[in-house]
Amino acid sequence: MPKSQVRKKKVYTPPTDVRPTATASTRKPSPIWLPVTAVTLIVLGIGWLVLYYLSEQAYPVASWGYWNLAVGFGAMVSSLILLSRWR
């Protein structure tokens, strides 16, 4: 059986105008307060919601009513925003 010919392909070189300007090695790591604050916000948000439900909507602030849910979920969403900045 005859051997097939081997095709020679050119080596791919990416265009110079498309290369990223900043590499991952030049970026600074995140400050230590960022993950600490994010975890604290997650814990506080969950704690706020658990306290709200277990107290039968009397605590943390009874006059806010269902806005207590917005506070708890807002804390957790803000922690997710912080964590999206984490390197």
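Keep in mind that this is a model prediction, so the values were computed, not measured.

What follows covers unusual backbone geometry. Here Glu56, not a glycine, exhibits a phi torsion of approximately 55 degrees, which is positive. Inspection of the secondary structure assignment puts Glu56 in the loop between helix H1 (33-54) and helix H2 (67-84).

Moving on to the packing of aromatic side chains. Considering all chains together, one arrives at two aromatic pairs under this definition. Consider the rings of Tyr52 and Tyr53, whose centres lie 5.6 Å apart with planes at 65 degrees: the pair is edge-to-face. Looking at Tyr52, the relative accessible area reads 1%, which means it is buried.

Of note, Asn68 is situated in helix H2. Relative accessible area serves as the criterion here: at 0%, Asn68 is assigned to the buried category. Among residues more than four places away in sequence, those in contact with Asn68 are Trp48, Leu49, Tyr52, Pro60 and Val61.

So, about the environment of Pro35. Within the secondary structure, Pro35 is located in helix H1. Along the backbone, Pro35 and Arg87 are 52 residues apart, and their C-alpha atoms lie at a distance of 9.9 Å.

What follows covers the environment of Lys10. By the element assignment, Lys10 lies in the segment before H1. For Lys10, a relative accessible area of 82% translates into the label exposed. Sequence separation between Lys10 and Leu49 is 39 residues, and the spatial gap between their C-alpha atoms is 60 Å.

The end-to-end C-alpha distance of H2 is 25 Å, a good match for the 26 Å that 18 residues give at a rise of 1.5 Å each. Where H2 is concerned, the buried positions are Asn68, Leu69, Gly72, Ala75, Met76 and Ser79. The arc that holds every buried residue of H2, seen down its axis, measures 135 degrees, which confines them to one face. Pointing more than 90 degrees away from the buried face of H2 are the exposed residues Trp67, Ile81 and Ser84. Looking at the buried side of H2, the elements it contacts are H1.

Its 22 residues place the ends of H1 31 Å apart at the C-alpha level, agreeing with the 32 Å of an ideal helix rising 1.5 Å per residue. Of the residues making up H1, those classed as buried are Leu34, Pro35, Ala38, Gly45, Leu49 and Tyr52. Mapping the buried residues of H1 onto a view down its axis gives an arc of 135 degrees, with all of them on the same face. Seen from the buried face of H1, the exposed residues on the opposite side, beyond 90 degrees, are Val43, Leu44 and Leu54. The secondary structure elements touched by the buried residues of H1 are H2. Positive phi shows up at Glu56, right after H1, with a value of about 55 degrees.

Procedures and definitions
- Residues numbered from 1 in each chain as written.
- Predicted model: local features only at pLDDT ≥ 70, side-chain atom pairs only at ≥ 80, totals over all residues.
- Heavy atoms only, no water.
- Helix = DSSP H or I, 4+ residues; strand = E, 2+ residues; numbered from the N terminus.
- Phe/Tyr/Trp six-rings, centres within 6.5 Å; stacked < 30°, edge-to-face > 60°.
- Buried < 20%, exposed > 50% of the residue type's maximum accessible area, 1.4 Å probe, protein only.
- Contact = heavy atoms within 4.5 Å.
- Expected span 1.5 Å × (residues − 1).
- Arc of directions from axis to C-beta.

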